[in-house]
Structures are given as structure tokens and as C-alpha cells.
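# Observations on chain architecture
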Amino acid sequence: MEFDTIAAISTPVGEGAIAIVRISGEDAISIADRIFCGKESLTEVPTHTIHYGFLEDPKTKERVEEVMVSVLRAPKTFTREDVVEINCHGGVVSVNRVLQLVLREGARLAEPGEFTKRAFLNGRIDLSQAEGVMDLIRAKTDKAMNVALQQVEGRLSHRIRRLRQTLIEAIASVEVNIDYPEYDAESVTLAKLKEQVIDVREEIVQLLRSAREGKILREGIQTAIVGRPNVGKSSLMNSLVQENKAIVTDIPGTTRDVLEEYVNIRGVPLRLVDTAGIRETEDIVEKIGVERSHQVLKEADLVLLVLNSAEELTKEDEALFQAIEGLEAIIVLNKIDLDQKIEEKRIQELAQGRPIIRASLLKDEGIDELEEAISRIFFEQGVETTEMSYVSNARHIGLLEKAKEAIDEALHSTEMEMPVDVVQIDVTRAWELLGEIIGENVHDGLLDQLFSQFCLGK
Ligand SMILES: Nc1nc2c(c(=O)[nH]1)N(C=O)[C@@H](CNc1ccc(C(=O)N[C@@H](CCC(=O)O)C(=O)O)cc1)CN2
Ligand SMILES: Nc1nc2c(ncn2[C@@H]2O[C@H](COP(=O)(O)OP(=O)(O)OP(=O)(O)O)[C@@H](O)[C@H]2O)c(=O)[nH]1
Ligand SMILES: [Mg+2]
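Computed from a predicted model, the values in this text were never measured in an experiment.

So, about the overall build of the protein. Along the backbone of the protein there are 16 helices and 13 strands. By residue count, 40% of the 458 residues in the protein fall in the buried class. Look at the contacts in the protein between residues 6 or more apart in sequence, and 67% of them connect residues 24 or more apart.

Structure representation (C-alpha cells):
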């Protein structure tokens, strides 16, 4: 395959000890060599070696940077192309200078995810592995990281390939039947096919069962903190984050927008969203905030409903209970350090069996109980990532579901004693759908879309 030579900054932009400019493609080494001054020419050094030297602007002969340069020749590289990594001083100006120089010498600025895309297009990894690379960067907990690492190593790919192999064998036995109808009794073929297809279905169901936990590990539980103004929502957010990120004041309506923060609660990743207090309001800015709060509720996997136990229950509180109808929720009765006015019996009724946590966020009480309740809801059986390769990616889940449907149709056709080639069509479709998970026959539009979500320089 023929590609041009690409370059990008592969480290975060900002001040750091070291930053890396990565170059990949046929001209990577010659481009680097034109700007590098060291003991030897980079075109002559052995592969997978690193070299100390300076970068010089070939036009002005000016020294630009002091660097270490790695030379990695194809095919044993990240992209399977020649790769050069320039390790420079980690400053915004320094690393940009180096990149500009490399671009001037003929490299093109890489698109987000383009290095990984090449690793895929050059056949080093399949699509689900490439998606795993992205998940590695995004992982917010150890468990999520382990799942992603397994995916990069090809655990899921391996299982998908095995399933496809079984399906292709099933299809092949049907082909034999179509070509030589007198050779094999159709009923025998069908029985065999059915057996194989049922096995595949069973494994797909198993994979899908792991998907809920996988999705939680990967994306975090979308958790909305809701409640009337001034009940202590931002205080709750802060206690959980253990960092005063959100602004807390005694002025009702302090939080105007939606604040988001990742926290790791006993291995459960939460995407915590602090919202503006929900009440009828005339203030325009606050109004927008309140609307967003309703939106956040719609997308929440878990709601933390905060009530002020030092006040009587209000109509707004009751309305909030209605708004969370059918949602997973925990009720937090805050401000138990003050005189209690809330009618607990009524809360019990409204909670409908959901956990009720009594807390004083001011005095740091109740947080342990809350964390316990959260982990109990989500990991009742505990998540074990060692033996299961979790399916966590929405695209994979969608394809597995479609493949299962296709298999169900195939099985239905066998029940109805349809001709065997009708059955074959659905089995073939299941085979194709599974193939899309690992990137077979996916169209360019999908690839562009997937890789564009990657970081620049990845
Ligand atoms: N400096 C640097 N560090 C890095 C990366 C990088 O690109 N550069 N990586 C970027 O994400 C990650 C490491 N991932 C990598 C994955 C595969 C290959 C690679 O060269 N694979 C070849 C040869 C393997 C071998 O020598 O056995 C292959 O699979 O054929 C390199 C890095 C994390 N650290
Ligand atoms: N006595 C007491 N005061 C508390 C407790 N928790 C929070 N507060 C106080 O209640 C006030 C409001 O707290 P916030 O966390 O800003 O409340 P909020 O729900 O985010 O308010 P809005 O963003 O305005 O909707 C602050 O003055 C807090 O210090 C508590 O457990 N006991
Ligand atoms: Mg607030």
C-alpha cells in the first residue's frame, strides 16, 4: 500500500519534560536526516536505535533544538512503515518548531488517529484492536484499562474470528448440498447447520451479557446529582471528587451550568454531573441551567437525589421524585447536622425501596454509606476482567445484536423447513456483521468517522 509521509506531535501540548514528534512513511528517515546533526547519518543507522544530536534548519543553518531521535524501520513498527520519533524538550515553542521544520521538509500533518489508522490499513491490527488503543487512552480506572488492553491484544478479535469460522463452515456444508443435492440428504445438512449456528448464537448472547458491565467500565456510569437549589448538590460533588472543583455558596442558584467530573468509587467509574438546582425560575441564565438539568436526567444511568432534611418536603421535591420515576436512584438526605424537619415516613414512601442515605456533607458524614450503596447497585456480582473479554463498545454491541437477529432468522427458517439456501442467506449475513467488528468490508466513511475521534498524533 502506498501512503504519503505524515507527522504530528504525539504528546500533550503544554510544558513537560520531553515531547515527541512522530513521523511515519517512506520519507520519514530522509526527512529527519536532513534536519539532524549528530555523529552519524540517520539513513545509515541500524533500525530501532536512538541517537543524540541537534536539529538544524537546513536553510538558515540555525540550531533549533537538542534532541534524541529514534529510527524504526518498517515493518516492525507501530504503523508498519518507517517511523522516526524526535524526542525534544517539552515546551510548547520547542515542539512546534520541530513539527514545523518536519512539515517544511515534506511531511504532511497527520489527521487525528491517522497513525493508528495506518496500523490498521497496513494490517498490523484489526479494527477492534484499533478501537482498543483509543479506549486505553480514555480509560479512567484500572479495570477499564485492563479491558482495553485485552482488546488491543486481540482477545475480542480472536473470539469473533472463531465464531466466523464456525459460521463459514456451516455455510460451506450448505454449498455442498446445493452443488450435489443427491450427495447428502438435505435434512442431515440442516441438522448439522442448526447445531453449529445455535453454538454461535449462545456465544453471542454471552458476549452481549458482558456488554452492560463493559460499557460501564468504558464510559463510566452517567450519574446526575439533582435536587432543589441550595440542598447541597455541589457539596456532594465535591465530597465525592475530594477536590473543590465545584463552586459552593449559600446563595441558592449558585450552580448555573452543568459540571462534569470523573470519579472512581470503589472501582466503579462514575461520570458525575452536578446540575443547577431544579425549581421554577425567572432568571434567564438559571433557566437554561434548569433545562439542562432535565436533559441530564434523561441521559442518566444513576440519579443522586439530594434533599434538605432541615426543611419540610416541598412540591419541587415531590416533582423530582416523579421525574426520576423508573430510574436507578439513591436518595441523599443532607444536612442531618441541623434541626430535622423533613417527614421521613413520606420519604420512605416516595423512595419505593431505593436506598436512602442520611448525610451531612458539611461534616463529611454519610459519604462511606453512599459509596457502599453505589458499588452495591452496579457490581452485585463483582466485575472480573481476567477471564471475560468484555464487549464495551457501542458499535460492537450493535453489530452483535444484529448478528444475533440474523441467526434467529436463520433458525426460524429451519423450523419452517425453508429451503436450505434461504437459511444460508441469513447465516451469511451474520458472518458479515461479525466481520464488521474486526473491520472487514467496512466502508471508508465509517473508518474516517471512527479514527477522527482519536487524539492528534495517535
Ligand atoms: N515512543 C513511543 N512509545 C509508545 C508508543 C509509540 O508509538 N512510541 N506507542 C504507541 O501507541 C505505544 C506502544 N505501542 C506499540 C505497539 C506496537 C509497536 C510495534 O512496533 N509493533 C511491531 C513490532 C513489535 C516487535 O518488535 O515485536 C509489530 O507489531 O509488528 C510499537 C509500539 C506506547 N508507547
Ligand atoms: N448545615 C449544613 N449545611 C450544608 C450541608 N451541606 C451543604 N451545606 C451548605 O448548604 C449551602 C448550599 O450548598 P451547595 O452545595 O452549594 O448547594 P447546591 O445544591 O449545589 O446549590 P445550587 O447550586 O444553588 O442549586 C452551602 O452553604 C453549604 O455549605 C450540610 O450537611 N449541613
Ligand atoms: Mg450547586
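Another point: the sheet that holds strand β3 (residues 36-38). With respect to topology, 7 strands assemble into an open sheet ordered β3-β4-β5-β6-β2-β1-β7, the strand pairing being mixed. In this open sheet, the two edge strands, each paired with only one partner strand, are β3 and β7 (108-109). One ladder, built from 5 bridges, connects strand β5 (residues 63-72) with strand β6 (residues 83-89); its direction is antiparallel. Its bridge partner being in β6, Ser-70 is matched across the sheet by Glu-85.

Okay, the confidence of the model for the protein next. When pLDDT is averaged across the protein, the result is 88; 88% of the residues are at 70 or more. Overall fold confidence for the complex sits at a pTM of 0.74, while the interface term, ipTM, reaches 0.69.

With that out of the way, let us pick up the domain arrangement of the protein. The domain architecture assigned to the protein consists of domain 1 (6-120), domain 2 (129-210 + 391-439) and domain 3 (219-378). Put simply, the middle of domain 1 and the middle of domain 2, counted by C-alpha atoms, are 42 Å apart.

Before going further, it helps to spend a moment on the pairing of strand β10 (residues 268-274). Burial within β10 is extensive, with 6 of its 7 residues counted as buried. Here strand β8 (residues 221-227) runs beside β10; their pairing, made up of 5 bridges, is parallel. When the sheet's bridge partners are listed, Ile-225 is paired in β10 with Asp-274. With 7 bridges joining them, strand β9 (residues 259-265) and β10 adopt antiparallel strand pairing. Residue pairing in the sheet places Glu-260 in a bridge with Val-273 of β10. Hairpin connection, β9 to β10: the antiparallel pair is bridged by 2 residues, and Arg-266 has positive phi, about 45°.

Running from amino to carboxyl end, helix α4 (residues 127-138) crosses helix α5 (residues 142-153) at an angle of 150°, the nearest separation of the two axes being 7 Å. Between α4 and α5, the angle is such that the two are roughly antiparallel. α5 is crossed by α4, and the crossing has left-handed handedness. Contacts from Ser-128, Gln-129, Gly-132, Val-133, Asp-135 and Leu-136 in α4 reach Met-145, Ala-148, Leu-149, Gln-151 and Val-152 in α5.

The next point concerns the nonpolar core. Among the nonpolar cores identified, the biggest contains 113 residues, and Val-21, Ile-23, Ala-32, Leu-305 and Val-332 are the most heavily contacted of them. The contact partners of Val-332, leaving out residues within four places of it in the chain, are Leu-236, Leu-304, Leu-305, Val-306, Leu-307, Ile-357, Ala-359 and Leu-370.

Here we come to helix α14 (residues 394-415). The terminal C-alpha atoms of α14 lie 32 Å apart, and with 22 residues this matches the ideal 32 Å at 1.5 Å per residue to within 8%. Looking at α14, one finds that the buried residues are His-396, Leu-399, Leu-400, Ala-403, Ala-406, Ile-407 and Ala-410. In an axial view of α14, the angular spread of the buried residues amounts to 125°, which keeps them on one side of the axis. Pointing more than 90 degrees away from the buried face of α14 are the exposed residues Ala-394, His-412 and Glu-415. Trailing α14 by a residue or two, Glu-417 shows a phi angle of about 55°, which is positive.

Here we come to the sheet that holds β10. Strand order in the open sheet formed by 6 strands is β9-β10-β8-β11-β12-β13, with mixed pairing between adjacent strands. The strands lining the two open edges of the sheet, one partner per strand, are β9 and β13 (356-358). Pairwise comparison of adjacent strand axes, ignoring direction, gives a mean angle of 25° for this sheet. Where β8 and strand β11 (residues 302-308) come together, 5 bridges link them in parallel fashion. From the neighbouring strand, Ala-224 faces β11, where its bridge partner is Val-303. Its contacts with the sheet place helix α13 (residues 367-378) against β8, β9, β10, β12 (329-334) and β13, and it is angled at close to 175° to β12.

Turning our eyes to something else, we now look at unusual backbone geometry. For the peptide bond that leads from Ala-74 to Pro-75, omega is 5°, which places it in the cis range. By the secondary structure assignment, Pro-75 is in the loop between β5 and β6. Positive phi, normally seen in glycine, also occurs at Asn-230, with a value near 70°. Assessed through the 19 C-beta atoms surrounding it within 10 Å, Asn-230 is described here as partly exposed. Positive phi outside glycine occurs at Gln-352, with the angle close to 50°. By the element assignment, Gln-352 lies in the loop between α12 (344-351) and β13.

Criteria and cut-off values
Residues numbered from 1 in each chain as written. Chains lettered and ligands numbered in written order. Predicted model: local features only at pLDDT ≥ 70, side-chain atom pairs only at ≥ 80, totals over all residues. Helix = DSSP H or I, 4+ residues; strand = E, 2+ residues; numbered from the N terminus. Buried ≥ 20, exposed ≤ 12 C-beta atoms within 10 Å, placed from the backbone. Contact = placed C-beta atoms within 7 Å. Pairing = 2+ DSSP bridges. pLDDT = per-residue confidence, 0-100. Domains from an automatic or database assignment. Axes fitted to C-alpha atoms, helices over the stretch in contact; angles between N-to-C directions. Parallel < 35°, antiparallel > 145°, perpendicular 65-115°, else oblique. Left-handed = near helix turned anticlockwise from the far one by under 90°. Core = buried A, V, L, I, M, F, W, Y, C linked by C-beta atoms within 7 Å. Expected span 1.5 Å × (residues − 1). Arc of directions from axis to C-beta.

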